[in-house]
Amino acid sequence: MSVGLLPEGLRDRLPPHADALARLVWRALDVAQAWGYERVSPPLAEFEDTLVGRLKSSRPQDLLRVIDPVSQRTLALRPDITAQVGRIAVTRMAHRARPLRLAYGGPVLKLKATQLRPEREMMQVGAEIVGTDNIAAAREIVSLALTALERAGVTGITLDITLPDLVDTLAAGPFPIEAGRIDRARALLDAKDAGGLAAAGFDRYLPLIDAAGPFPQALDRLRAIDAGGVLASRIAGIEAITTAVAGKAALTLDPTERHGFEYQSWFGFSLFAEGVSGEIGRGGSYTVLHPDGREEPALGFSLYPDPLIDAGLGGKPRQRIFVPLDADAGAVEGLRADGWATVAALDGDDDAAALGCTHRFERGAVVAV
Ligand SMILES: N[C@@H](Cc1c[nH]c[nH+]1)C(=O)O
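Calculation criteria
Within every chain, residues take consecutive numbers counted from 1 along the sequence as written. At least 70 in pLDDT is required for a residue's local features to be given in this predicted model, at least 80 for side-chain atom pairs to be given and counted, and no such filter applies to totals for whole chains, interfaces and linings, which use all residues. Hydrogens and water molecules were not included; the side-chain quantities draw on all heavy atoms of the structure. Where helices and strands are cited, they refer to DSSP runs of H or I of at least four residues and of E of at least two residues respectively, numbered from the N terminus. Residue burial is assigned from relative accessible area. The probe radius is 1.4 Å, only protein chains are included, and a residue is buried under 20% of its type maximum, exposed over 50%, and partly exposed in between. Residues count as neighbours in contact if any of their non-hydrogen atoms are within 4.5 Å of one another. Values of accessible area rely on a 1.4 Å probe in the Shrake-Rupley scheme; residue burial ignores everything except the protein chains shown. The charge count includes Lys and Arg as positive and Asp and Glu as negative, but it does not include His or the ends of the chains. For charged residues, the charge sits on one atom: NZ in Lys, CZ in Arg, CG in Asp, CD in Glu. Salt bridges are defined as contacts in which a side-chain nitrogen from Lys or Arg sits within 4 Å of a carboxyl oxygen from Asp or Glu. Definition used in this section: a nonpolar core is a set of buried Ala, Val, Leu, Ile, Met, Phe, Trp, Tyr and Cys residues joined via side-chain atoms within 4.5 Å. A pair of aromatic rings is counted whenever rings of Phe, Tyr or Trp (Trp by its six-membered ring) have centres within 6.5 Å, and the orientation is called stacked for planes under 30 degrees apart, edge-to-face for over 60 and tilted otherwise. Any residue with an atom within 4 Å of a point lines the site, the site being either a cavity, points on a 1 Å grid over the protein atoms alone where a 1.4 Å probe fits but cannot get out, or a pocket, an open set with protein on both sides within 12 Å along at least 5 of 7 lines. Grid points are joined across faces, edges and corners, and a volume is the space filled by probe spheres set on the points. Under the scheme applied here, ten amino acids are nonpolar (Ala, Val, Leu, Ile, Met, Phe, Trp, Tyr, Cys and Pro), four are charged (Asp, Glu, Lys and Arg), and all others, including Gly, are polar. Here a polar contact is taken to be a pair of N or O atoms separated by no more than 3.5 Å, where protein atoms must pair a possible hydrogen donor with a possible acceptor and residues adjacent in sequence count only if both atoms sit in side chains.

## Description of the overall build of the chain
Part 1: Scanning the chain from terminus to terminus reveals 12 helices and 16 strands.
Part 2: With respect to the principal axes defined by its C-alpha atoms, the chain has extents near 80 × 55 × 45 Å.
Part 3: For the chain, the proportion of its 369 residues judged to be buried stands at 46%.
Part 4: Contacts spanning at least 24 positions in sequence make up 66% of the contacts within the chain whose residues lie at least 6 apart.
Part 5: For the chain, the accessible surface area stands at approximately 18100 Å², while carbon and sulfur atoms represent 54% of it.
Part 6: Within the chain, one finds 40 positive and 48 negative side-chain charges whose respective centroids are separated by 3 Å.

See the structure below:
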């Protein structure tokens, strides 16, 4: 057996990174709690059919599955906690008043890594509002996500806004496309392939490519597209949401971006930070399905704090001080209260420096090692 070898995309988090990650998660959850969100903690794995299908428009996913010898049913490891929160909201917490505000944090597992991120297991921490997906809810969710990132020490944040169901809405209304050709149009828009769009007869969608980029120019270009009320109401919505975050993040618009937006509806966003590669968070509006088929609007965000640690965030570990066998317990407690990590001698000849201590506690005084 190969000792210490882990499957591709899975890894151990070692000191000091494991502590830093725990601190980042804790800070984000603490902010959410202060904003009135109650924590839920769903399990790592569920029956496959309860994990998928709870959110409207969620596509069948590639999941990591196992057969449970106890129930003889297929279990899936969660790739996203949002669907689990949706399940809790419409089952065990269905009786609770709306809007229901819930927060969560824990590891998720994807079947495949992406090019940008070789990891398949990552920490996810977030918050969801179930019961409304109006502008006020969107403003709160975006503000909360930015505040949580600020609290984690993240600077240079970019908020990239997208309209995940825009192409479907335009295709069903002002810019008609037959159902069978919508995927083609979406793929061309994803690739920002202007020539391809024109050649395929999707000319009316061309201006959407130019409506991507920094605010406010991108929004002005979106406004210039004549698509009747469909766009007007969304533009008004985006403007109202973004006034709430003015000064906290740089704003960009990518109206047709849908990469990673599986179930989000009229509003979606991605979060980026200077010096951190790839997305650090994502969110938006969506619809939760009740067991009786009833639909409930929801809105939320998830942060992915792992890359923040590689960027040096998450705080510094405590400085370590070596404490001899005969030290006074009260004094040692005082050292911990002052922010030291105390490393107690367990026999006569522990090596303070080898144990990572920069100081030792000698006859009541702190002495450099
Ligand atoms: N859970 C989603 C983001 C999200 C939360 N709420 C709504 N959308 C993701 O990680 O992609």
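Okay, back to it.
## Comments concerning the pattern of salt bridges
Part 1: Within this structure, the stated rule accounts for 22 salt bridges.
Part 2: For E140, the salt bridge identified is with R101, shortest N-O distance 2.7 Å. Separated by 39 residues along the polypeptide, E140 in helix 4 (residues 135-151) and R101 in strand 5 (residues 100-109) bring together distant segments of the chain.
Part 3: For D190, the salt bridge identified is with R258, shortest N-O distance 2.7 Å.

## Considering the nonpolar core
Part 1: L159, Y205, L222, F267 and L271 are the most contacted members of the largest nonpolar core, which totals 72 residues.
Part 2: The element that contributes the greatest number of residues to this core is helix 4, accounting for nine residues.
Part 3: For F267, the contacting residues outside a window of four places in its chain are A138, V142, I161, T162, P164, I241, G283, G284, S285 and L299.
Part 4: In this structure, I88, V90, V108 and Y304 belong to the second largest nonpolar core, which totals 20 residues.

## Focus: the packing of aromatic side chains
Part 1: Counted according to the given criterion, the structure contains four aromatic pairs.
Part 2: Between F175 and Y205 the ring centres are 5.5 Å apart and the planes differ by 80 degrees, which places this aromatic pair in the edge-to-face class. In this pair, F175 sits in the loop between helix 5 (166-172) and helix 6 (182-190) while Y205 sits in the loop between helix 7 (194-199) and helix 8 (206-210), placing the two residues 30 residues apart along the sequence. Comparing F175 with Y205 shows no difference in burial state: the two are buried.
Part 3: Plain terms: the ring middles of F267 and F269 are 5.6 Å apart, the flat faces sit at 35 degrees to each other, and that makes the pair tilted.

## Notes on the layout of surface pockets
Part 1: For the largest pocket, the calculated volume is near 1200 Å³.
Part 2: Along the walls of the largest pocket sit 40 residues, with K110, T114, H259, G260 and R282 positioned nearest its centre.
Part 3: For the lining of the largest pocket, the secondary-structure elements that each account for two or more residues are strand 6 (121-130), strand 10 (268-273), strand 11 (281-289) and strand 12 (295-303).
Part 4: Sort the elements by how many residues they give to the lining of the largest pocket and strand 11 lands first, with four residues.
Part 5: For the lining of the largest pocket, a count of residues per class yields 12 nonpolar, 13 polar and 15 charged.
Part 6: Its volume calculated, the second largest pocket comes out at about 260 Å³.

## What to know about the side chain of R117
Part 1: Tracing the backbone shows R117 in the loop between strand 5 and strand 6.
Part 2: In this structure, R117 is buried with no salt-bridge partner, the nearest side chain bearing the opposite charge being E119 at 4.7 Å.
Part 3: Side-chain polar atoms of R117 contact the backbone oxygen of E279, separated by 2.9 Å.
Part 4: In contact with R117, other than residues within four places in its own chain, are S277, G278, E279 and P307.

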